[in-house]
Amino acid sequence: MKTTVFLGTAAATMMVAGIAGAQTLQDVKDRGTLNCGVSTGLAGFSAPNANGEWEGFDVAVCRAVAAAVLGDPAAVEFVPTTGKTRFTSLASGEIDLLARNTTWTFSRDNDLKFDFTGVNYYDGQGFLIPKELGVTSAKDLDGATVCVQTGTTTELNLADFFRKNNISYEPVPIETNGEAQQQYLAGACDAYTTDASGLAATRASFENPSDHVILPEIISKEPLGPAVRHGDNEWADVVRWTLNALIAAEEYGVTSANVQDMASAAGDNPEVNRLLGTEGELGAMIGLENDWAVKAISAGGNYGELFARHIGEDTPIGLARGLNAQWTNGGLLYAQPFR
């Protein structure tokens, strides 16, 4: 009997907590700003520019959500978080959305109770070393000191890789990417390991990027994406479908330059019509205006535009689309249908 009462009380508590938590969309609307957790500074993904304005590939997701919900991509309060503080900030309600090159894993989804709303960058962990070290493979790093951010999936991946290959290393724990750069350039570690995209961003910020190389091994799968709290399905849907809208827009040729014209009247593609709100009532299903996707795309462009502008091959970061190409071009990028 005591067990039954306990389970009933626990269920009731969880239900109340779920109901209490299921209000982020209204909170954001009432506040008039989106609180978005980002990194402490990672070029190309989330970093303040010379004018102190946040910009980057992850920042663009925040701005697209703000545009979809509030009609204003500038209505965002950016909250810098470290590998350790990001999850506390999200769980506590300090931020509404975490868009900080964060890997979607089983434990983060189920143990930490977060919902990942999609993947905005398919990545993998690599190693950055000084070219003068003369190493051409991560398997040759036996006995190396390695800078690694605490509170990340990187730590376990690093340990697994060295154990699997029966080689040793000495970890040099660091808190932020900025600290990693300082320690690495000061010679405190032989190598720096994190997501390969982060290594490219870090190397691009060096005075002499060509003096450093990213080794060929990719030792993990790192699907990076926006995260929200468990228990608020309405808010998760808003973030999920905003990301999907950016991905679908690229597939269907909807850009920041033509979206307003395409949204002025229904065209001959029903999927695009539903996406842009000229047909159907998809916006109402997630508590938004029917032109929510138009606003999100107008904020900075479709997925391809954002990729090219912030981290693509013509930027200092220099990333190829690779796995992040549309599914029609051999990549993994695929938006669920708008119907």
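This text gives an overview of the structure that appears in the document. (Residues numbered from 1 in each chain as written. Predicted model: local features only at pLDDT ≥ 70, side-chain atom pairs only at ≥ 80, totals over all residues. Heavy atoms only, no water.)

### Comments concerning the pattern of salt bridges
Now for step 1: All chains considered together, the criterion is met by 8 salt bridges.
Now for step 2: In this structure, D237 and R240 form a salt bridge, with 2.8 Å as the shortest nitrogen-oxygen distance. Taken together, the residues D237 and R240, both in helix α9 (residues 233-251) and 3 residues apart, mark about one turn of the helix.
Now for step 3: E279 is the salt-bridge partner of R274, the closest N and O atoms lying 3.9 Å from each other.
Now for step 4: Look at E279 and you get partly exposed, because its relative accessible area is 33%.
Now for step 5: Within this structure, E271, R274 and E279 form a network of salt bridges that share partners. (Salt bridge = Lys/Arg side-chain N within 4 Å of Asp/Glu carboxyl O. Helix = DSSP H or I, 4+ residues; strand = E, 2+ residues; numbered from the N terminus. Buried < 20%, exposed > 50% of the residue type's maximum accessible area, 1.4 Å probe, protein only.)

### Things to note about the pairing of strand β8 (residues 125-130)
Now for step 1: Burial within β8 is extensive, with 6 of its 6 residues counted as buried.
Now for step 2: Going residue by residue along β8, you find Q125, F127 and I129 tucked away on one face and G126, L128 and P130 tucked away on the opposite face as well.
Now for step 3: Bridge count for β8 against strand β11 (residues 191-195) is 4 bridges, and the pairing is antiparallel. Along β11, the bridge assignment pairs F127 with T193.
Now for step 4: Bridge count between β8 and strand β12 (residues 212-214): 3 bridges; the pairing is antiparallel. In the sheet register, P130 faces β12, and the bridge partner there is H212. (Pairing = 2+ DSSP bridges.)

### Regarding the side chain of R108
Now for step 1: By the secondary structure assignment, R108 is in helix α5 (residues 106-110).
Now for step 2: Here R108 occupies a buried position and makes no salt bridge, while the nearest side chain of opposite charge, E222, is found at 6.1 Å.
Now for step 3: A polar contact of 3.0 Å, which involves the side chain of R108, links it to the backbone oxygen of T103.
Now for step 4: Residues contacting R108, with those up to four places away along its chain left out, are R86, F87, T102, T103, K113, F114, F116, G151, T152 and T153. (Lys, Arg positive; Asp, Glu negative; His and termini not counted. Polar contact = N/O pair within 3.5 Å; in protein donor to acceptor, adjacent residues only side chain to side chain. Contact = heavy atoms within 4.5 Å.)

### A few points about the nonpolar core
Now for step 1: Membership of the largest hydrophobic core comes to 58 residues, with the highest contact counts inside it found for L34 and W235.
Now for step 2: Those residues in contact with L34, other than ones at most four positions away along the chain, are V28, C62, V65, A66, L70, A75, V76, E77, D96, L97 and W235. (Core = buried A, V, L, I, M, F, W, Y, C linked by side-chain atoms within 4.5 Å.)

### What to know about the packing of helix α3 (residues 57-70) against helix α13 (residues 292-300)
Now for step 1: Running from N to C, α3 and α13 cross one another at 145°; their axes reach a closest spacing of 7 Å. The crossing of α3 and α13 is right-handed. Contact residues: α3 offers R63, A64, A67 and A68, while α13 offers W292, K295, A296 and A299.
Now for step 2: Along the lines of polarity and charge, the residues of the contact of α3 with α13 split into 6 nonpolar, no polar and 2 charged. (Axes fitted to C-alpha atoms, helices over the stretch in contact; angles between N-to-C directions. Left-handed = near helix turned anticlockwise from the far one by under 90°. Nonpolar A, V, L, I, M, F, W, Y, C, P; charged D, E, K, R; others polar.)

### Side note on helix α8 (residues 196-204)
Now for step 1: Along α8, 7 of the 9 residues are buried, which leaves the element largely enclosed by surrounding structure.
Now for step 2: Among the residues of α8, A196, S197, G198, L199, A200, A201 and T202 are the ones counted as buried.
Now for step 3: For α8, the elements touching its buried residues are β7 (121-123), β8, α7 (177-185), β11, β12 and β13 (222-224).

### Some details on the environment of W292
Now for step 1: With respect to the helices, strands and loops of the structure, W292 is situated in helix α13.
Now for step 2: According to the relative accessible area criterion, W292 is buried, its value standing at 2%.
Now for step 3: For the pair W292 and V238, spaced 54 residues apart in sequence, the C-alpha to C-alpha distance is 9.7 Å.
Now for step 4: The residues touching W292, leaving out its near neighbours within four places in the chain, are A68, W241, T242, A245, L282, G283, I286 and F338.

### Quick notes on the packing of aromatic side chains
Now for step 1: Evaluation of the coordinates by the stated rule reveals 17 aromatic pairs.
Now for step 2: Measuring from ring centre to ring centre gives 6.2 Å for Y303 and F307, while their planes differ by 35°; the resulting arrangement is tilted. Here Y303 pairs with F307, and both are found in helix α14 (residues 303-310), just 4 residues apart, close to one helical turn. In terms of burial, Y303 and F307 fall into one category: buried.
Now for step 3: Taken together, the ring pairs connect F45, F57, Y121, Y303 and F307 into an aromatic cluster.
Now for step 4: In this structure, R321 packs its charged tip against the face of F307, placed 5.1 Å from the ring centre. (Phe/Tyr/Trp six-rings, centres within 6.5 Å; stacked < 30°, edge-to-face > 60°. Lys NZ or Arg CZ within 6 Å of the ring centre and 35° of its normal.)

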